[in-house]
Amino acid sequence: KAGVTQTPRYLIKTRGQQVTLSCSPISGHRSVSWYQQTPGQGLQFLFEYFSETQRNKGNFPGRFSGRQFSNSRSEMNVSTLELGDSALYLCASSVDTSGTGELFFGEGSRLTVL
Amino acid sequence: DQQVKQNSPSLSVQEGRISILNCDYTNSMFDYFLWYKKYPAEGPTFLISISSIKDKNEDGRFTVFLNKSAKHLSLHIVPSQPGDSAVYFCAASKDQFYFGTGTSLTVIP
């Protein structure tokens, strides 16, 4: 069974640009969540999608957005990049959205903003 | 507002000894708790979980203890092995997962 796949793995952008990250969940998983990991801040929840609908959203500015497609693949977009957006962005999928199942993480997309 | 806290950023333990990683939470509504392990350049992987109706769950060398009155969670690794060296995240959930900031464990051979 293929795991969670995130692309690209690494990318470098400059301030003011925008970026789109992609996540393909495990087959059969309908919930996709996005997290930002920075040193000292742990995993900060960005948003969760289930059946193409945003179910929960973390405390991030509107520059961070996402969507989910009918095949459960998800994308997140960050517009007007700032230096502080440099982080590892992790996607996780789960079978459902009950909060009692296991989250399966991808390897992450490491974004560097110069 | 950090609802799940891991106050020790790092921990070093000798091989064969016990590793104890701690986690505190603030929301008494959390009903499910998990530990994840993360190696560099990899995504976190699930280690062990516990429901709020239990106070202990064991899986091989790993045991998680839950003290609801203290809102405290701990992970015990016995015996510790060099391959256990990684960053450990605790997480709590009530409809949504909240993660701690992580504890970097180093097991010294």
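These figures come from a predicted structure and were not determined experimentally.

Asks: Before we go on, may I ask you to explain the interface of chain A and chain B in this structure?
Replies: Many descriptions give the size of an interface as the accessible area lost when the pieces come together. Listed as interface residues are 24 residues of chain A and, on the opposing side, 18 residues of chain B. Surface buried jointly by chain A and chain B totals about 1,600 Å² across both partners, of which 56% is contributed by carbon and sulfur atoms. Counting every contact that joins chain A to chain B gives zero salt bridges. When contributions to the side of chain A that touches chain B are tallied by element, the ones reaching two or more residues are strand 4 (31-38), strand 5 (42-50), strand 6 (53-57) and strand 9 (87-94) of chain A. By residue class, the composition of the side of chain A that touches chain B is seven nonpolar, 12 polar and five charged.

Asks: Looking at this structure, how should I read the sheet that holds strand 3 (residues 19-25) of chain B?
Replies: Whether parallel or antiparallel, the strands of a sheet pair through hydrogen bonds between backbone atoms. Residue and element names in this part refer to chain B. The five strands are arranged 1-3-8-7-6 in an open sheet whose pairing can be described as antiparallel. Looking along the sheet, the strands with just one partner apiece sit at the ends: strand 1 (4-5) and strand 6 (56-59). Pairing geometry for strand 7 (residues 62-67) and strand 8 (residues 72-77), over six bridges, is antiparallel. Each residue of the ladder has a partner; that of F65, found in strand 8, is S74.

Asks: Which parts of the structure should I look at to understand unusual backbone geometry?
Replies: Negative phi is the rule for most residues except glycine; trans is the rule for most peptide bonds. With an omega of -10 degrees, the peptide bond between T7(A) and P8(A) qualifies as cis. Note that the residue after V78(B), namely P79(B), is joined by a cis bond; omega there is -15 degrees. Following the sequence through the fold, P79(B) ends up in the loop between strand 8 and strand 9 (86-93). A positive phi angle, close to 75 degrees, is found at S72(A), a residue other than glycine. Its location among the elements puts S72(A) in the loop between strand 7 (64-68) and strand 8 (74-78). For A41(B), which is not a glycine, the phi torsion comes out positive at approximately 65 degrees. The topology assignment puts A41(B) in the loop between strand 4 (32-38) and strand 5 (45-51). The class of A41(B) is exposed, set by a relative accessible area of 51%.

Asks: What should I look at first to understand the layout of surface pockets in this one?
Replies: The rolling of a water-molecule-sized probe over the atoms marks out the regions of remaining empty space. Computed from the structure, the second largest pocket encloses a volume of approximately 200 Å³. If you trace the second largest pocket, you find 13 residues lining it, with Q37(A), T38(A), P39(A), G40(A) and T101(B) closest to the centre. The class makeup of the residues in the lining of the second largest pocket is four nonpolar, eight polar and one charged.

Criteria and thresholds
Residues numbered from 1 in each chain as written. Chains lettered and ligands numbered in written order. Predicted model: local features only at pLDDT ≥ 70, side-chain atom pairs only at ≥ 80, totals over all residues. Heavy atoms only, no water. Contact = heavy atoms within 4.5 Å. Buried area = accessible area lost by both parts, 1.4 Å probe. Salt bridge = Lys/Arg side-chain N within 4 Å of Asp/Glu carboxyl O. Helix = DSSP H or I, 4+ residues; strand = E, 2+ residues; numbered from the N terminus. Nonpolar A, V, L, I, M, F, W, Y, C, P; charged D, E, K, R; others polar. Pairing = 2+ DSSP bridges. Buried < 20%, exposed > 50% of the residue type's maximum accessible area, 1.4 Å probe, protein only. 1 Å grid on protein atoms, 1.4 Å probe; cavity = no way out; pocket = protein on both sides within 12 Å on 5 of 7 lines; lining within 4 Å. Points joined across faces, edges and corners; volume = space filled by probe spheres on them.

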